[in-house]
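# Inside the fold
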Amino acid sequence: NEWSEMIFNTKDYRSTGTRILTSIDEIQQLLDDQIVKVHAMHSSRYIKPFLERVVIWEETLTSMQDIIDNWLKVQATWLYLEPIFSSDDIMRQMPTEGKLFRSVDNTWRVSIAQTINEPSCVKVARRPGFLESLIEANNRLEIILKGLNDYLETKRLAFP
């Protein structure tokens, strides 16, 4: 099985006490290849005895793709916002967004810790509630970004 050795790699990120995802190109390549193969299997007339296994595997691959897409989006936005919201001054001036960021930061740290403990790509793809937590984190990050942009706009208007 090509997936038995595939794991999500992480590396330390500055002095944040957490890690970030790295080197997912090989995972993405294998995922793309496997999705194409599963779709090809679906169109085979000999699929009937294997249909249930193929459907379960397809769901795992789809889940893994959705998780990677959402995880990388969370990571990119978290990397941008983390230094901003590590400032006590910003946390005081933007308490609502600061609270939301702490919530996302917690989701990030828990998901990375779980991945360090169990880095297998297939097990991550099957982790209950993980995709939903990433989608929720992305929704919160969008609210935070909007609040930050509004805050910066008011500062710009105050100093023409």
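Summarised in this report is the structure supplied together with it. Every chain is numbered on its own, with residues counted from 1 as its sequence reads. Totals for whole chains, interfaces and linings use all residues, but because this is a predicted model, local features are given only for residues with pLDDT of at least 70 and pairs of side-chain atoms are given and counted only at 80 or more. Note that the side-chain values use all heavy atoms of the structure and ignore hydrogens as well as water.

Right, let's talk about the packing of aromatic side chains for a bit. Ring pairs shown here join Phe, Tyr and Trp side chains whose ring centres sit within 6.5 Å, with only the six-membered ring taken for Trp; geometry is labelled stacked below 30 degrees between planes, edge-to-face above 60, and tilted in between. On inspection of all chains with the given rule, the structure shows six aromatic pairs. Centroid distance tryptophan 3 to tryptophan 57: 6.4 Å. Interplanar angle 65°. Geometry classified as edge-to-face. Placement of the pair is tryptophan 3 in the segment before β1 (9-12) and tryptophan 57 in helix α2 (residues 51-85), with a sequence separation of 54 residues. Summarising the aromatic geometry, the rings of tryptophan 71 and phenylalanine 130 are spaced 5.0 Å apart at their centres and angled 90° between planes, so their arrangement reads as edge-to-face. A residue pair is termed long-range when its members are at least 10 positions apart, and tryptophan 71 in helix α2 and phenylalanine 130 in helix α6 (residues 130-158) qualify at 59 residues. Numbering of helices and strands starts at the N terminus; helices are DSSP runs of H or I of at least 4 residues and strands are runs of E of at least 2.

Here, a salt bridge means any side-chain nitrogen of Lys or Arg that lies within 4 Å of a carboxyl oxygen of Asp or Glu. With the rule as written, the count across this model stands at eight salt bridges. We note a salt bridge from lysine 123 to glutamate 118, for which the minimum N-O separation is 3.9 Å. Linking glutamate 153 and arginine 156 is a salt bridge whose minimum nitrogen-to-oxygen distance equals 2.7 Å. Of this pair, glutamate 153 and arginine 156 both sit in helix α6, three residues apart, roughly one helical turn. Only protein chains enter the calculation, and the probe is 1.4 Å; a residue is then buried if its accessible area is under 20% of its type maximum, exposed if over 50%, and partly exposed in between. The exposure class assigned to glutamate 153 is partly exposed, which follows from its relative accessible area of 36%.

Moving on: the side chain of threonine 16. Inspection of the secondary structure assignment puts threonine 16 in the loop between β1 and β2 (19-22). Looking at threonine 16, the relative accessible area reads 14%, which means it is buried. One polar contact links the side chain of threonine 16 to the main-chain carbonyl oxygen of tyrosine 13, over a distance of 2.6 Å. Any N or O atom pair separated by 3.5 Å or less is treated as a polar contact, with the protein-specific requirement of one donor-capable and one acceptor-capable atom, and with residues adjacent in sequence counted only for side-chain atom pairs. Within the local environment of threonine 16, its side chain forms a polar contact with the backbone nitrogen of threonine 18, the two atoms lying 3.3 Å apart.

To continue, consider the pairing of β2. Alignment of β1 against β2, held across four bridges, turns out to be antiparallel. For threonine 10, the partnering residue across the bridge sits in β2 and is leucine 21. DSSP-based pairing: two strands are paired if at least 2 bridges between them are found.

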